[in-house]
Structures are given as C-alpha cells and as structure tokens.
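# Coordinate analysis (summary)
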Amino acid sequence: MKVVESRLELQRLSDEERARGQRIALVPTMGALHAGHLSLVDAGRKRADQVWVSIFVNPTQFNEANDFEGYPRELERDLDACRQAGVDIVYAPGVDDVYPQDAQTWVDVETLTLPLCGASRPGHFRGVTTVVAKLFLAAKPHVAVFGQKDFQQLAVIRQMTRDMGFDVEIVGGAIVREPDGVALSSRNVRLGPEARRQAVALVQALDAVEAAAASGERDSGALLALARTHIESAPQARVDYIELRDPDSLETAPETLAAATLLALAVNFTPDPSGEGADVRLIDNRLLSFDRSRATEHHPSGDSQ
Ligand code: PAF
C-alpha cells in the first residue's frame with residue numbers, strides 16, 4: 001500500500017493507473033476509521049480495480065475550533081486498517097497540500113445545503129464540497145463512495161458532481177450499526193459512557209417511526225412527535241432537528257405522507273454528569289417508503305448516481 005502526501009504525486013499515479021486501464025474507486029474520509037468506512041472500501045472494490053482512501057481532517061467544514069481540534073486523529077492505526085482492508089493507496093495530505101496559503105476559491109451548492117445540518121452548521125457543506133472537488137481533481141477516480149448516514153452530504157455531493165460535470169460515479173454505502181443499533185461514527189468515541197448508552201435513543205426513534213408508518217400512520221406531525229418522545233427520553237440528549245423531508249429535493253414533507261420520505265435526526269449529547277466525554281453531535285436517518293408500506297435505508301433510485 002502506498003501512502004501519498006502530495007496532490008501532484010497522486011495525480012501522476014492516477015494518470016499512470018488510468019493509462020493501464022485501471023478503474024479507481026476513492027473513499028474520502030477524515031480518518032478515525034471504523035467498520036462503516038471499511039464497508040465503503042468494500043463497496044468501492046466491487047466497482048473498481050483499485051481502492052484509494054483519503055484521510056484528511058478538513059478544517060473548512062468545522063464550525064467550531066474545539067470540534068476540529070478534538071476530532072480523533074489516529075493515522076498509524078488508520079493506515080493499518082487500510083492495509084488489512086487491501087487499500088491500494090492512501091492519500092494523507094497536510095493542510096497546505098489541499099489549501100494553498102492564499103486560496104480564495106470555494107465550491108458551494110446553494111439550495112440543498114440550506115436545511116437540516118446546513119441550518120445549524122453554516123458554511124459546513126461549502127467546506128465539504130470544496131474539499132471533495134479538490135479530492136476528485138487530485139485522485140481523478142472513476143467512482144467515489146460516501147456513507148448514507150450523512151444523507152444530506154451525499155445528496156449535496158451528487159448535486160455538486162452533476163453541476164461541476166465531474167465524470168465520477170457517486171455511490172452511497174449503507175449505514176453500519178453497533179450491536180445496539182447506534183450508527184457507527186468517528187464521533188461516538190467522544191461520548192461519555194452514559195451518553196453512549198443514551199445514544200441508542202436515535203435508532204429507537206427511527207425504529208418507532210418506521211413501525212408506526214408500516215402500521216399505516218401517515219400524519220407527519222404524529223410521526224415527528226413520536227420520534228421526539230424517544231429522543232427526549234435520553235436525559236443528555238438535546239434535539240437539534242427532527243425532520244421529515246423529500247429525499248431528493250430535501251424540501252419539507254407534506255402533512256400527509258404518501259411517497260418515500262426521509263426521517264432525519266441530529267441530536268447533541270452533553271458530557272456525562274461525572275464530567276466524562278465531550279459535547280457530541282450525532283446524526284442518523286431512515287428512508288420511509290410509504291407507497292410499499294415498508295421502510296429501507298437505501299436510496300430509492302438505487303445506491304449509485
Ligand atoms: O464524511 C466525511 O468524512 C467528510 O465530510 C468528507 C466527505 C471526507 C469530506 O471531508
């Protein structure tokens with residue numbers, strides 16, 4: 001496995017591999033790799049000859065300095081995980097390789113970024129789309145794989161890819177969960193033990209709404225109230241948003257639900273009363289499929305663009 005720190009070197013390798021007829025899948029990450037990331041590597045391998053992983057904690061997508069500084073950084077452990085997963089190349093650049101000192105250029109998706117995480121994290125998606133565009137230019141992949149836990153991020157990246165004309169197939173990887181149902185996230189390790197136990201409230205809310213929808217409940221107010229009851233049963237949980245949205249446009253869902261609808265949650269957890277853990281924001285989602293009276297975590301139009 002090669003570890004590359006320079007964008008120019010990565011571009012050179014990409015040109016070489018493409019000339020040899022190799023198909024490249026890129027899995028962009030911010031490191032602190034877990035089984036969720038490794039499932040994206042597997043998804044990439046199914047669609048390409050080589051899987052490349054980028055590991056870069058992107059400063060421009062963080063709203064708070066504390067969150068950026070506290071973000072877990074475990075490069076050696078991540079490189080081992082990539083080696084074991086059969087990754088071909090890891091691109092692990094420094095900030096200067098991605099953002100030249102006097103950089104002034106941003107890639108910004110205007111509308112899809114306004115609701116949900118965009119409302120509470122202004123500028124976050126501009127940082128994401130800018131770095132992903134730069135990663136596409138550096139790695140020149142045929143395919144790029146992103147997790148569906150970040151549903152809005154995936155939608156925004158699909159839009160950016162179309163708008164910018166990148167010749168990259170965007171693939172959404174299914175959410176991977178802990179045995180208790182909590183979605184895997186690099187942020188989970190920052191929860192105190194008590195907050196970690198309470199984090200199960202998110203998936204319980206998703207399950208309860210899915211079950212109610214499957215039994216015929218179509219009223220969005222009733223479903224949102226049900227989700228809120230579950231989240232608020234966790235003493236350290238502070239709801240950021242609980243929303244039902246159209247999965248493509250991300251517009252607010254109608255009062256009476258009839259078509260596939262995204263239930264999206266963002267919840268802040270406070271540190272444990274003992275002082276353990278940090279303030280941690282968790283997100284999760286479920287795609288509810290009303291027309292067929294069942295729900296699924298997969299995108300209705302398939303898992304690739
Ligand atoms: O999902 C992430 O880890 C990041 O937002 C991404 C896509 C790697 C961009 O920094």
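In the block above lies the structure referred to throughout.
What counts, and at which threshold
- Residues numbered from 1 in each chain as written.
- Predicted model: local features only at pLDDT ≥ 70, side-chain atom pairs only at ≥ 80, totals over all residues.
- Heavy atoms only, no water.
- Helix = DSSP H or I, 4+ residues; strand = E, 2+ residues; numbered from the N terminus.
- Polar contact = N/O pair within 3.5 Å; in protein donor to acceptor, adjacent residues only side chain to side chain.
- Contact = heavy atoms within 4.5 Å.
- Buried < 20%, exposed > 50% of the residue type's maximum accessible area, 1.4 Å probe, protein only.
- Pairing = 2+ DSSP bridges.
- Right-handed = clockwise from strand over helix to strand, strands pointing away.
- Axes fitted to C-alpha atoms, helices over the stretch in contact; angles between N-to-C directions.

## A closer look at the side chain of Arg281
Along the polypeptide, Arg281 turns up in strand β9 (residues 280-289). Within polar-contact distance, the side chain of Arg281 engages the side chain of Ser120 at 3.3 Å. Here Asp240 takes part through its side chain, which lies 3.0 Å from a polar atom of the side chain of Arg281. Contact partners of Arg281, with chain neighbours within four places excluded, come to Cys117, Ser120, Arg121, Arg187, Asp240, Tyr241, Ala266, Val267 and Asn268.

## Concerning the pairing of strand β2 (residues 24-29)
With 6 of 6 residues buried, β2 is to be regarded as a mostly interior element. With burial as the criterion, each face of β2 is covered, one bearing Ile24, Leu26 and Pro28 and the other bearing Ala25, Val27 and Thr29. Sheet analysis places β2 next to strand β3 (residues 50-55), joined by 6 bridges and oriented parallel. Opposite Ile24, over in β3, you have Gln50 as the bridge partner. For the crossover from β2 across helix α2 (residues 35-47) to β3, the handedness is right-handed. Sheet topology places β2 next to strand β5 (residues 143-147); 2 bridges connect them, and they run parallel.

## Topic: the sheet that holds β3
Strand order in the open sheet formed by 6 strands is β1-β4-β3-β2-β5-β6, with parallel pairing between adjacent strands. At either end of the open sheet lies a strand with only one pairing partner, and these are β1 (2-4) and β6 (169-173). The average undirected angle you get between the axes of adjacent strands in this sheet is 25°. Each of β1, β2, β3 and β4 (89-91) touches helix α1 (residues 7-19); the most contacted strand, β3, lies at about 170° to it. Against the sheet, helix α7 (residues 124-139) makes contact with β2, β3, β4, β5 and β6, and its axis sits at roughly 145° relative to β2, the strand it touches most.

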